[in-house]
Amino acid sequence: MQEIIQFLREHAQIVKTEAIEESICEDEQDLPIIGTALTGNAHFLITGDKDLLSLHKYKHVQILSPREFWERVKEGRYGKGGIR
């Protein structure tokens, strides 16, 4: 767990939340989460939320479970070009 926390501290960026207007998911409480990912130009949204995970991707943001993301990191699919 500490390894994951350290990784996030080194690579995460904090941005101000901006809500998006269009309803793209069933749970309206998820809209600010997606809006934040878009505002921060995130490549990934890491979540355990089943509604968000069912989207798989929104615009340029891939939506992954923590396990999916960590597996990509462990497989070495993270480097200068980012995670693929």
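Up top you'll find the structure we're talking about.
**Student:** Looking at this structure, how should I read the sheet that holds strand S3 (residues 61-64)?
**Tutor:** Strands pair in a sheet through their backbones, by hydrogen bonds, and they do so in one of two ways: parallel or antiparallel. One open sheet holds the three strands; their spatial order is S1-S3-S2, and the pairing between them is mixed. Two strands in the sheet have a free side with no partner beyond their single neighbour: strand S1 (44-46) and strand S2 (57-58). Bridge count between S1 and S3: three bridges; the pairing is parallel. Across the sheet, isoleucine 46 pairs through a bridge with leucine 64, a residue of S3.

**Student:** What is the right way to look at the packing of helix H1 (residues 2-11) against helix H4 (residues 66-74) in this model?
**Tutor:** Helix packing geometry: the angle between the two helix axes and the distance between the axes. Contact geometry for H1 and H4: axes closest at 12 Å, N-to-C directions at 85°. Classed by the angle they form, the pair H1 and H4 counts as roughly perpendicular. Contacts from Glu3, Ile4 and Phe7 of H1 reach H4 at Phe69, Trp70 and Val73. Taken together, the residues of the contact of H1 with H4 break down into five nonpolar, no polar and one charged.

**Student:** How should I be thinking about the nonpolar core in this particular structure?
**Tutor:** Nonpolar side chains in soluble globular proteins tend to be buried together. Of all hydrophobic cores here, the largest spans 12 residues; its members are Ile20, Ile24, Cys25, Leu31, Ile34, Ala37, Leu38, Leu45, Leu52, Tyr58, Val61 and Ile63. Take this core: its biggest share by element is four residues, from helix H2 (residues 31-39). Ranked by size, the runner-up nonpolar core spans six residues in total, among them Phe44, Leu64, Phe69 and Trp70.

Calculation notes
Sequence positions are assigned chain by chain, starting from 1 and proceeding in written order. At least 70 in pLDDT is required for a residue's local features to be given in this predicted model, at least 80 for side-chain atom pairs to be given and counted, and no such filter applies to totals for whole chains, interfaces and linings, which use all residues. Excluded from the side-chain calculation are hydrogens and water; included are all heavy atoms of the structure. Pairing between strands requires that DSSP locate at least two bridges from one strand to the other. A run of DSSP states H or I qualifies as a helix once it reaches four residues; a run of E qualifies as a strand once it reaches two. Both are numbered from the N-terminal end. Working convention: axes come from line fits to C-alpha atoms, limited for helices to the stretch in contact. Angles between N-to-C directions cover 0 to 180 degrees. For classification purposes, an angle smaller than 35 degrees is called roughly parallel, one larger than 145 roughly antiparallel, one from 65 to 115 roughly perpendicular, and anything else oblique. By the convention used here, residues are in contact when the closest approach between their heavy atoms is within 4.5 Å. Gly is put with the polar residues, along with every residue not named as nonpolar or charged; the nonpolar set is Ala, Val, Leu, Ile, Met, Phe, Trp, Tyr, Cys and Pro, and the charged set is Asp, Glu, Lys and Arg. Throughout this description, the term nonpolar core refers to a set of buried Ala, Val, Leu, Ile, Met, Phe, Trp, Tyr and Cys residues connected via side-chain atoms within 4.5 Å. Partly exposed residues are those whose accessible area sits between 20% and 50% of the maximum for their type, while under 20% is buried and over 50% is exposed, using a 1.4 Å probe and protein chains only.

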